[in-house]
Amino acid sequence: MPPAPPHLRLSRGREGLCDPALPKMPPPATPPPRPTPPVPRVGGVAYLAARPEHHPHPHPRNLRYPRSAVAGNLPFFDRVLFPGSFPPETPPVEDPAPPADERPASASPVREETETEREAWRLLRRAVVSYCGEPVGTVAAEDPECTEMLNYDQVFIRDFVPSALAFLMRGETEIVRNFLLHTLQLQSWEKTVDCYSPGQGLMPASFKIRTVPLDENNEAFEEILDPDFGESAIGRVAPVDSGLWWIILLRAYCKITGDYSLQERVDVQTGIKLILSLCLSDGFDMFPTLLVTDGSCMIDRRMGIHGHPLEIQALFYSALRCSREMIVMNEGSKHLLRAINNRLSALSFHIREYYWVDMNKINEIYRYKTEEYSHDATNKFNIYPEQIPSWLVDWIPEKGGYLIGNLQPAHMDFRFFSLGNLWAISSSLTTPTQAEGILSLIEEKWDDLVANMPVKICYPAMEYDEWRIITGSDPKNTPWSYHNGGSWPTLLWQFTLACIKMGRPELARRAIAVAEEKLSADKWPEYYDTRSGRFIGKQSRSYQTWTIAGFLTSKMLLENPELASILTCDEDLELLEGCACCLSKRTRCSRRAAKSDIIG
Ligand code: GLC
């Protein structure tokens, strides 16, 4: 491997190397209670049990802890002034997980798989990459016809999530466990880009397995995991979503396997805390939403989503909910749990109240007064009504609504972003009424958001001057292509999940049928172009792994809807009661006035 140029060099320990002899860390003092894992069985079809193989002493080689120095030493959380409005919560006590050998075990489908599903499984397995002889992830695409690989031969954190879910639901849990533990090790790398070090909790966007000579004689070789934290990515974008997905996947793994010992491990607890410490640290922010640069998530190119994009907020909310369940309660974590609760409360209020638009809200904005200087302004963000785009005036249905893409001072991004809206449903970031409203809007606007291929990444596309100025004339993101209004079949699994959560599986079934008709014949493209998603994307890869895995995961979720609970969160009414502002006499919180809206 050629050495990285000095300005991009990452200093690293040996934690990227295979080393079977590493010691195991002691378990934490107070393990949290363990809920029972869901059983994959639904609608009579489902999967015959051959699920998790149990590893009594799994992966000892993963257990090197260069970060143990920081474990339990995250000073930030002690500096925050917590109003004490939430007692640190103990997760609900349920039955302990059954021993591994009593758990359901296999997952071959009882129903005969379709030819498309069989092909999808074949391709998904072909995409698996191994490290030191063990499966650790899936490459982004395995396109034999494509000569320019760029970074599609890497394992992307976000892309692996649907692969992981498909494997988990089939009982093949080892690859997911390996992935979680190896990416955790990568988090500990000391990173420097042009002499600047980003926060320690940053998770890479992707990693690659490289074989490097052990010495100068080139006689012996070893494998290393080589991560990309954004320092090689096009545009040098920081993968803010990676750590959030990692937390969400960790919870899903533990819930489905019942192997809660993984989340209790000291290194895993530290990993969660480091990610949260990055997300919860103080800054100049006025809002509880996460402030990020453009392209910090699935849309990883300039698309005008810097600031407080919905996708990041929905994943952030979900990761906070998942962490709250997984963090071991003790003296050291009590402040962190309070901080999580306070943030969850403020974040859900903010999004439910200020990101939601429907016919009434748009009408209200249309009549907004501006330049209000006061605590109780109606138009808090000084939005000029002229900002309401002309497409929206006709597009907004009488029934239903959605969460806008972004909110900043004097700026509302009214585009509909699918991932953010769907994940807001699944994580209960929206009210139940809002969640129903989003699905009803999707149904109503089916020809715009699904049409010939589910699901549009965002609607509508930016055109003409807007495209020129906002994307910087990006030739990959031309109108109705790629991130700018393209259709991404991988989003099908997130749509299916949201539909199941809201008791609308028929909607998901309809979308899956549209995709199933084309995906195999079209060679499982990464994305589709045109307003109605009719053409395979101009620069689309074929055999894109998360297209394949998203399809399989959607089908398996539909057949095993109770498994959706490994990913979803229920409405937490207590969060709506708690509000940090209650203790402060000076700050008046708009929450009380808007309480009916929050609960919806
Ligand atoms: C593109 C997508 C990104 C994905 C990557 C690998 O860059 O925008 O979301 O992770 O390809 O598939």
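Since the structure is predicted, the reported quantities are computational estimates derived from the model, not experimental observations. (Residues numbered from 1 in each chain as written. Predicted model: local features only at pLDDT ≥ 70, side-chain atom pairs only at ≥ 80, totals over all residues. Heavy atoms only, no water.)

Undergrad: Outline the overall build of the protein chain, listing residues and values.
TA: For the protein chain, the helix and strand inventory stands at 20 helices and eleven strands. Evaluated residue by residue, the protein chain yields a buried proportion of 60% over its 600 residues. The long-range fraction of contacts in the protein chain, counting pairs at least 24 apart against all pairs at least 6 apart in sequence, stands at 75%. Taken as a whole, the protein chain presents about 24,700 Å² of accessible surface, with 54% of it coming from carbon and sulfur. (Helix = DSSP H or I, 4+ residues; strand = E, 2+ residues; numbered from the N terminus. Buried < 20%, exposed > 50% of the residue type's maximum accessible area, 1.4 Å probe, protein only. Contact = heavy atoms within 4.5 Å. Areas by Shrake-Rupley, 256 points an atom, 1.4 Å probe, with all protein chains shown as cover.)

Undergrad: Tell me about the sheet that holds strand E3 (residues 155–156), and name the residues and values.
TA: Within the open sheet, the three strands sit side by side as E3-E4-E5. Their pairing is antiparallel. The open sheet has two free edges, formed respectively by E3 and strand E5 (221–228), since each of these has just one partner strand. In the sheet, strand E4 (residues 206–213) pairs with E5 via eight bridges, with the strands oriented antiparallel. Opposite Phe207, over in E5, you have Pro227 as the bridge partner. (Pairing = 2+ DSSP bridges.)

Undergrad: Please provide a residue-by-residue account of the pattern of salt bridges, values included.
TA: As enumerated under the stated definition, the model contains 23 salt bridges in all. One salt bridge in this structure joins Arg324 and Asp572, with 2.8 Å as the shortest N-O distance. Placement of Arg324 in helix H8 (residues 310–326) and of Asp572 in the loop between helix H18 (545–559) and helix H19 (573–577) is noted, with a sequence separation of 248 residues between them. Considered together, Arg324 and Asp572 belong to a single accessibility category, that of buried residues. Where salt bridges share partners, they join Arg111, Glu117, Glu516, Lys555 and Glu559 into one cluster. (Salt bridge = Lys/Arg side-chain N within 4 Å of Asp/Glu carboxyl O.)

Undergrad: So what's going on with the environment of Leu558? Residues and values would help.
TA: With respect to the secondary-structure elements, Leu558 resides in helix H18. For Leu558 and Ile512, which are 46 residues apart along the polypeptide, the C-alpha to C-alpha distance reads 9.8 Å.

Undergrad: Run through the site of the ligand, naming residues and quoting values.
TA: All residues adjacent to the ligand are Ala140, Tyr152, Phe156, Arg158, Asp159, Met298, Asp300, Tyr482, His483, Glu526, Gln544 and Trp546. At 2.5 Å, a side-chain N or O of Asp159 approaches an oxygen atom of the ligand. Here Gln544 contributes a side-chain N or O atom positioned 2.9 Å from an oxygen atom of the ligand. When the ligand is considered free in solution it has 310 Å² of accessible area, and contact with the protein chains removes 95% of it. Its residues placed into classes, the shell around the ligand shows six nonpolar, two polar and four charged. (Near = heavy atom within 4 Å. Polar contact = N/O pair within 3.5 Å; in protein donor to acceptor, adjacent residues only side chain to side chain. Nonpolar A, V, L, I, M, F, W, Y, C, P; charged D, E, K, R; others polar.)

Undergrad: Break down the packing of H8 against helix H9 (residues 334–355) for me, citing the residues and quoting the values.
TA: In a pair of packed helices, the angle between the axes and the distance between the axes together describe the arrangement. Orientation of H8 relative to H9, taken along the N-to-C sense of each, is 145°, at an axis distance of 10 Å. Crossing angle aside, the handedness with which H8 passes H9 is left-handed. Between H8 and H9, the contacting residues are Leu310, Gln313, Phe316, Tyr317, Leu320, Arg321, Ser323 and Arg324 on the first element and Leu337, Ile340, Asn341, Arg343, Leu344, Leu347, Ser348, Ile351 and Tyr355 on the second. The residue inventory of the contact of H8 with H9, partitioned by class, reads ten nonpolar, four polar and three charged. (Axes fitted to C-alpha atoms, helices over the stretch in contact; angles between N-to-C directions. Left-handed = near helix turned anticlockwise from the far one by under 90°.)

Undergrad: Let's hear about the side chain of Lys208: which residues, and what values?
TA: By the element assignment, Lys208 lies in strand E4. What makes Lys208 buried here is its relative accessible area of 19%. Among the polar contacts made by the side chain of Lys208, one reaches the side chain of Asp153 at a distance of 2.5 Å. Not counting residues up to four positions away in its chain, the partners in contact with Lys208 are Asp153, Gln154, Ile224, Leu225 and Asp226.

Undergrad: Please set out the sheet that holds strand E9 (residues 458–459) residue by residue, giving values where relevant.
TA: Sheet architecture is open: four strands sit in the order E6-E7-E8-E9, paired in antiparallel fashion. The sheet is open, and its two borders are formed by strand E6 (356–358) and E9, each paired with just one other strand. Along the sheet, helix H13 (residues 432–444) makes contact with E6, strand E7 (401–408) and strand E8 (411–417), crossing E7 at roughly 105°.

Undergrad: If you had to explain the nonpolar core to someone new, which residues and values would you point to?
TA: Ranked by size, the top nonpolar core spans 160 residues in total, and within it Trp246, Tyr402, Trp423 and Phe495 carry the most contacts. It is helix H5 (residues 240–257) that provides the largest number of residues to this core, a total of eleven residues. In contact with Trp423, not counting residues within four places along its chain, are Trp245, Ile248, Ala314, Leu315, Ser318, Trp493, Gln494, Leu497 and Leu567. (Core = buried A, V, L, I, M, F, W, Y, C linked by side-chain atoms within 4.5 Å.)

Undergrad: How would you sum up the confidence of the model for the protein chain? Please name residues and give values.
TA: Per-residue pLDDT for the protein chain has a mean of 83; in total, 78% of the residues score no lower than 70. In the predicted structure, residues 1–16 sits below a pLDDT of 50 and forms 37 contacts with residues beyond four places in sequence or in another chain. Scored below 50 in pLDDT, residues 40–108 shows 184 contacts in the model against residues more than four places distant or in partner chains. (pLDDT = per-residue confidence, 0-100.)

Undergrad: Any chance you could break down the pairing of strand E2 (residues 134–138) for me, citing the residues and the numbers?
TA: Most of E2 is tucked away: four of the five residues are buried. Here strand E1 (residues 128–131) runs beside E2; their pairing, made up of four bridges, is antiparallel. Its bridge partner lying in E2, Tyr131 is registered against Glu134. Linking E1 to E2, which pair antiparallel, is a turn of two residues; within it Cys132 sits at a positive phi near 50°.

Undergrad: Describe unusual backbone geometry, and please don't skip the residues or the numbers.
TA: Cis geometry marks the peptide bond from Pro454 to Val455, where omega comes out at -5°. Between Tyr459 and the following residue, Pro460, the backbone shows a cis peptide bond with an omega angle of -10°. Within the fold, Pro460 resides in the loop between E9 and helix H15 (464–471). Of note, the phi angle at Tyr464 is positive, near 50°, even though the residue is not glycine. When you line up the elements, Tyr464 lands in helix H15.

Undergrad: Tell me about the side chain of Thr431, and name the residues and values.
TA: Position of Thr431 among the secondary structure elements: in the loop between helix H12 (418–426) and H13. Among the polar contacts listed, one links the side chain of Thr431 to the backbone nitrogen of Gln434, at a separation of 2.9 Å.

Undergrad: Outline the packing of helix H3 (residues 157–169) against helix H4 (residues 174–187), supporting the account with residue identities and numerical values.
TA: At a minimum axis separation of 9 Å, H3 and H4 run at an interaxial angle of 150°. Regarding the angle of H3 to H4, the classification is roughly antiparallel. Side by side, H3 and H4 meet where Ile157, Phe160, Ala164, Phe167 and Leu168 of the first sit next to Ile175, Val176, Phe179 and Thr183 of the second. The class makeup of the residues in the contact of H3 with H4 is eight nonpolar, one polar and no charged. (Parallel < 35°, antiparallel > 145°, perpendicular 65-115°, else oblique.)

Undergrad: Help me get a handle on the packing of aromatic side chains, residues and values and all.
TA: Within this structure, the stated rule accounts for 21 aromatic pairs. Centre to centre, the rings of Tyr354 and Phe381 are 5.0 Å apart; their planes meet at 80°, and the pair counts as edge-to-face. Placement of the pair is Tyr354 in helix H9 and Phe381 in the loop between helix H10 (359–366) and helix H11 (390–395), with a sequence separation of 27 residues. Assessed through its relative accessible area of 12%, Phe381 is described here as buried. A ring pair is formed by Trp395 and Tyr402, whose centres lie 6.0 Å apart and whose planes are at 80°; its orientation type is edge-to-face. Taking the relative accessible area as the measure of exposure, Tyr402 reaches 0% and is therefore buried. One aromatic cluster is present, formed by Trp391, Trp395, Tyr402, Phe416, Tyr459 and Trp480 through successive ring pairs. In this structure, Arg126 is placed above the aromatic ring of Tyr543, and the distance from its NZ or CZ to the ring centre is 5.3 Å. (Phe/Tyr/Trp six-rings, centres within 6.5 Å; stacked < 30°, edge-to-face > 60°. Lys NZ or Arg CZ within 6 Å of the ring centre and 35° of its normal.)

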